[in-house]
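For reference, the chains in residue letters:
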Amino acid sequence: MSIETISIIVLFISFMGLLAYGVPVAYAIGISTTITLLINIAYMPATTTVSQRMTTGIDNFALLAIPFFILAGEIMNRGGIANRLIDFAKSLIGSLPGGLAYVNIISAMLFGAISGSAIAAASAIGSTLTEKMAKDGYPREFSAAVNISASTTGLLIPPSNVLIIFALASGGTASVAALFIAGYIPGLLVGLAIMFMVYLYARKKGLPKEERVSFKKLFIDFKNAILSLTLLVIVVGGIVAGIFTATEAAAIAVVYAVLLGFVNKELKFADFRPILLRSAKTTAIVMFLISTSMAMSWLFSFESIPQSLTGFLLESVKNPLLVLLFINITLLVVGTFMDMTPAVLIFTPIFLPVVMALGMHPVQFGMVIVLNLCIGVCTPPVGTLLFVGSGVAKVPVTKVIKPLLPLLAAMTTVLLILTYVPELSLWLPRVFGLID
């Protein structure tokens, strides 16, 4: 058995063992990478190598966008933007049967897109709507399931931190601008698929609907929400037009969010201390995950794992459709026990060469891997969004699983469509001249 094969086995067993023992993902990644290098006596000292790779892994200007978008999301969460988006969504679609569930979905899509954070969307929208839905007769576990699944759309609809991380992990084969534009159709498809399942549930259970509002009320709610929605135009439009980079756009988003908070009179100077503290904590966690994941990604490259896997899959599985199905199943399983950030950084270098050899565009694969992991954050045992959404709704996780399953099935259907229909991901980037 070659040293490369032994290294792969040690890496896998140590990583899975540490996760099973309850070690946090970032520490498990760093420790398993160090252990694997220790057995490779032909190479330099393991601890030195890992620390160097962790440092150089986050020494990237593009990563500055992440703390800025995190800060912008925290400011928006505090600045009352969620309430304005909910009011607008309620006026727009609340009169349908099960109207508040649709309001939850649209609000989560809008807020998630503006903040770039699924957890922020689930917290802000769920805390506002769950009690109202409970009073109107909606089961709490159903409300939580809708909120959890709908909040993932903000990870596909730009601006999205995960798409920035994928652009980094792809080694420049997919630009941030192309990924941002590509995310609109997949994000909308996921939202519509969830709405369809809610429609079936509403018909079966006879869920209530809100009173139809006048055009005047709709216009007022739209006017109150337009300044918040304008942020999407500024950030994404500026990146696509080449006016500024994703990092500069993130900084502009922070400034805009601060100004909007003061204009709406829902943000005070006293709010900045807790906002900055929460943003710093979140940034530290994300950056530590990125640094350890980059060290493991380097190890994969050093051991030639992507090349070996590409050769193995293409030789052993002759049908390209089955190869893509295998990759999807693998990513779905990975998503159940690993956070999105390390999963994107670790598995993009592994699977991207495989799918590119099959003719899949890196931008399309970006949509596929992110949607895969969106499903993962909604599922146990690690599913961060599952626990956040259940906590906000004040309902046990075990009760949320049953109503969540049909919504996850809808998301999985969209995933398969995106996998085998490239134009759903590539049409918009081509229209804007961002890819060939």
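Attention here is on the structure that accompanies the text. (Residues numbered from 1 in each chain as written. Predicted model: local features only at pLDDT ≥ 70, side-chain atom pairs only at ≥ 80, totals over all residues. Heavy atoms only, no water.)

This part is about the overall build of the chain. Secondary structure assignment for the chain yields 21 helices and 0 strands. What you see for the chain is a C-alpha radius of gyration of 22 Å, in line with the 22 Å of a compact globule of 436 residues. Viewed in the frame of its principal axes, the chain has a C-alpha envelope of about 75 × 50 × 45 Å. Taking all 436 residues of the chain together, 55% fall into the buried category. Put simply, of all contacts in the chain between residues at least 6 apart along the chain, 79% involve residues at least 24 apart. Both charge centroids of the chain, one from 25 positive and one from 18 negative side chains, sit 12 Å from each other. (Helix = DSSP H or I, 4+ residues; strand = E, 2+ residues; numbered from the N terminus. Rg over C-alpha atoms; globule rule 2.2 N^0.38 Å. Buried < 20%, exposed > 50% of the residue type's maximum accessible area, 1.4 Å probe, protein only. Contact = heavy atoms within 4.5 Å. Lys, Arg positive; Asp, Glu negative; His and termini not counted. Charge placed at Lys NZ, Arg CZ, Asp CG, Glu CD.)

Counting 156 residues, the largest nonpolar core has Phe111, Met338, Phe365, Val370 and Leu371 as its most contacted members. Here this core gets 12 residues from one element, more than from any other, and that element is helix α6 (residues 99-115). In this structure Met338 touches Phe15, Val25, Ala343, Ile346, Phe347 and Val382, once residues within four positions along its chain are discounted. (Core = buried A, V, L, I, M, F, W, Y, C linked by side-chain atoms within 4.5 Å.)

Looking now at the packing of α6 against helix α12 (residues 215-240). Remark: α6 packs on α12, axes separated minimally by 9 Å, with the N-to-C direction vectors making an angle of 50°. Classed by the angle they form, the pair α6 and α12 counts as oblique. Seen along the crossing, α6 lies across α12 with a hand that is left-handed. Taken together, the residues of α12 that come into contact with α6 (itself represented by Leu110, Ala113 and Ile114) are Ser228, Leu229, Leu231 and Leu232. For the contact of α6 with α12, the class distribution of residues is 6 nonpolar, 1 polar and no charged. (Axes fitted to C-alpha atoms, helices over the stretch in contact; angles between N-to-C directions. Parallel < 35°, antiparallel > 145°, perpendicular 65-115°, else oblique. Left-handed = near helix turned anticlockwise from the far one by under 90°. Nonpolar A, V, L, I, M, F, W, Y, C, P; charged D, E, K, R; others polar.)

Right, let's talk about the packing of aromatic side chains for a bit. The full count for this structure, using the stated rule, is 8 aromatic pairs. Judged by centre distance (5.5 Å) and plane angle (50°), the rings of Phe88 and Phe222 are tilted. Of the two residues, Phe88 sits in helix α5 (residues 81-93) while Phe222 sits in helix α12, which places them 134 residues apart along the sequence. In this structure Phe88 comes out as buried when scored by relative accessible area, which is 12%. On the accessibility criterion, Phe222 (34% relative accessible area) is partly exposed. When the ring of Phe269 is compared with that of Phe272, the centres are 6.3 Å apart and the planes differ by 35°; the resulting orientation is tilted. Ring pairing ties together the aromatic residues Phe262, Phe269 and Phe272, which thus form one cluster. (Phe/Tyr/Trp six-rings, centres within 6.5 Å; stacked < 30°, edge-to-face > 60°.)

Another point: the layout of surface pockets. Unoccupied space between atoms shows up once a probe the size of one water molecule is rolled over them. Taken as a whole, the largest pocket encloses approximately 740 Å³ of empty space. Listed by contribution, the elements that provide at least two residues to the lining of the largest pocket are α4 (65-78), α7 (118-135), α9 (161-169), α14 (272-302), α17 (340-357) and α19 (384-393). When residues in the lining of the largest pocket are grouped by element, the largest group, 6 residues, is from α4. Taken together, the residues of the lining of the largest pocket sort by class into 15 nonpolar, 10 polar and 2 charged. (1 Å grid on protein atoms, 1.4 Å probe; cavity = no way out; pocket = protein on both sides within 12 Å on 5 of 7 lines; lining within 4 Å. Points joined across faces, edges and corners; volume = space filled by probe spheres on them.)

So, on to the environment of Ile327. Counting through the fold element by element, Ile327 comes out in helix α16 (residues 320-335). Along the chain, Ile327 and Phe347 lie 20 residues apart, while their C-alpha atoms are 10.0 Å from each other. Each residue touching Ile327, except ones within four places of it in the same chain, is listed here: Phe351, Val354, Val355 and Phe365.

A word on α14. Here α14 contains 31 residues, and its C-alpha end-to-end distance of 44 Å stays within 8% of the 45 Å for a straight helix at 1.5 Å per residue. Looking one or two residues past α14, Ser304 carries a phi angle of roughly 60°, positive in sign. (Expected span 1.5 Å × (residues − 1).)

Scanning the entire structure with this criterion turns up 3 salt bridges. We note a salt bridge from Glu74 to Arg278, for which the minimum N-O separation is 2.9 Å. Within this pair, whereas Glu74 is found in helix α4, its partner Arg278 is found in helix α14, the two being separated by 204 residues in sequence. A salt bridge links Arg140 to Glu131; its shortest N-O distance comes to 2.8 Å. The partly exposed category is assigned to Arg140, whose relative accessible area is 25%. With relative accessibility at 33%, the residue Glu131 sits in the partly exposed group. (Salt bridge = Lys/Arg side-chain N within 4 Å of Asp/Glu carboxyl O.)

Below, the discussion takes up α9. In terms of residue burial, α9 counts as a mostly covered element, since 9 of its 9 residues are buried. Those residues of α9 not exposed but buried are Asn161, Val162, Leu163, Ile164, Ile165, Phe166, Ala167, Leu168 and Ala169. Buried positions along α9 lie against α4, α10 (176-182), α14, α17 and α18 (362-376). Downstream of α9 by one or two residues, Gly171 has phi in the positive range, about 70°.

Together, Leu321, Leu322, Leu325, Ile329, Val333, Leu416, Ile417, Tyr420 and Val421 line one region of the surface with nonpolar side chains, adding up to about 720 Å² of accessible area. When contributions to the nonpolar patch are tallied by element, the ones reaching two or more residues are α16 and α20 (397-420). Sorting elements by how many residues they give to the nonpolar patch places α16 first, with 5 residues. Looking at where Val421 falls in the secondary structure, it is placed in the loop between α20 and α21 (423-431). (Patch = residues over 30% accessible without salt bridge, like charges linked within 9 Å, V, L, I, M, F, W, Y side chains within 5 Å. Areas by Shrake-Rupley, 256 points an atom, 1.4 Å probe, with all protein chains shown as cover.)

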